[in-house]
Structure formats: C-alpha cells, structure tokens
Amino acid sequence: AAIGEGRFATARGIAFTADDRLRRDIIEHLMCELSVDLAAAAARHPGANPDFTEEMRRLAPLAADGALSIEGSTLTVGEHGRQLVRVAAAAFDTYLRQGEARHSRAV
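Let me sum up the structure you'll find in this document. In this text the structure is predicted, and so the values were computed from the model without any measurement.

Attention now moves to helix α1 (residues 18–33). An α-helical turn contains 3.6 residues, so any two residues separated by three or four positions project in the same direction. Given a rise of 1.5 Å per residue, 16 residues ought to cover 22 Å, and the 22 Å separating the end C-alpha atoms of α1 matches this to within 8%. A positive backbone phi angle near 60° is found at L34, which sits one or two residues after α1.

Okay, structure coming up:
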C-alpha cells in the first residue's frame, strides 16, 4: 500500500545519535586516510561525547608496537600498522563492543 501511494515501504530504522556520527567520522578517517584528529572530529559533531579514554587504552598496545602513533589528539596508522587498521578502527565501534556489530569484525 505504501509503495502504491509513492512512499517507502519501510517501517523501521535506526536513529543515529551525535555520538554515532562522531564515531562513524573517526572510523571513516582511520580506514580511508590512515589518520584522524580526534579533536577536529569532535568539533564537527556538537553534542557528541568525545571522551575516548577507553579507546586510547585499547589502542595503547598498537602504539607500543609502532603500528599506530598518537601525537596530541591525532592518531596515525603507520606503514607497519596498515594491516591492523581495522583493529584500530574497531576500538571506536560502540556496537562492536556491545556485541551488536553491523560490520565485519577485524581479524
């Protein structure tokens, strides 16, 4: 009936929060550009919670191994860490930690 009336037939969906948009931005920058400035990303998404204490704790082993550099609020995946970029990005995926991942898991 909805299609016959020129409307979409969907009746459900997911509403993105400001935090979801911020995390999407961070993950996209890491995956595509291998670098992200967390402060700049947070500034682009007012209303989001830019507390990344837990994420930085999860990224510490990558930084210790030289796969990722952390300088101020900027994260950069180095040549040594390119194969682990999905692991770095996964640290920012709230739904992955909650067991509700909508994307494939990092190896």
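Further remarks concern the packing of aromatic side chains. Describing an aromatic ring pair means giving the distance of the ring centres and the angle of the ring planes. Overall, the coordinates contain one aromatic pair when judged by the stated rule. Each ring, one from F52 and one from F92, has its centre 5.5 Å from the other, and the planes form 75°; the classification is edge-to-face. Of this pair, F52 sits in the loop between α2 (38–43) and α3 (53–64) while F92 sits in the loop between α4 (85–90) and α5 (94–97), and the two are 40 residues apart along the sequence. You can call F52 buried: its relative accessible area is 7%. Here F92 falls in the buried class, since its relative accessible area comes to 0%. Here R24 stacks its cationic end above the ring of F16, 5.8 Å away from the centre of that ring.

Attention shifts here to the environment of Q83. Here Q83 is to be found in the loop between β3 (74–77) and α4. Since its relative accessible area comes to 79%, Q83 is described here as exposed.

The terminal C-alpha atoms of α3, which comprises 12 residues, lie 17 Å apart, in line with the 16 Å expected from a rise of 1.5 Å per residue. Those residues of α3 that sit buried are E55, L59 and L62. All buried residues of α3 project into a common sector of 30° when viewed along the axis, lining one side. Facing away from the buried side of α3, by more than 90 degrees, are the exposed residues T53, R57 and A64.

So, on to unusual backbone geometry. Of all residues except glycine, most have a negative phi; of all peptide bonds, most are trans. Positive phi is not limited to glycine here, since L34 has a value of about 60°. Tracing the sequence through the fold places L34 in the loop between α1 and β1 (35–37). For L34, a relative accessible area of 14% puts it in the buried group.

Before going further, it helps to examine the pairing of β3. Residue alternation in β3 divides its side chains into a buried set, L75 and V77, and an unburied set, T74 and T76. As paired strands, β1 and β3 are joined by three bridges and run antiparallel to one another. Bridge assignment links S35 to a residue of β3, and that residue is T76. Here strand β2 (residues 68–71) folds back onto β3, and the loop between the two strands holds two residues, one of which, G72, carries a positive phi near 65°.

Reading guide: rules and limits
- Residues numbered from 1 in each chain as written.
- Predicted model: local features only at pLDDT ≥ 70, side-chain atom pairs only at ≥ 80, totals over all residues.
- Heavy atoms only, no water.
- Helix = DSSP H or I, 4+ residues; strand = E, 2+ residues; numbered from the N terminus.
- Expected span 1.5 Å × (residues − 1).
- Phe/Tyr/Trp six-rings, centres within 6.5 Å; stacked < 30°, edge-to-face > 60°.
- Buried < 20%, exposed > 50% of the residue type's maximum accessible area, 1.4 Å probe, protein only.
- Lys NZ or Arg CZ within 6 Å of the ring centre and 35° of its normal.
- Arc of directions from axis to C-beta.
- Pairing = 2+ DSSP bridges.

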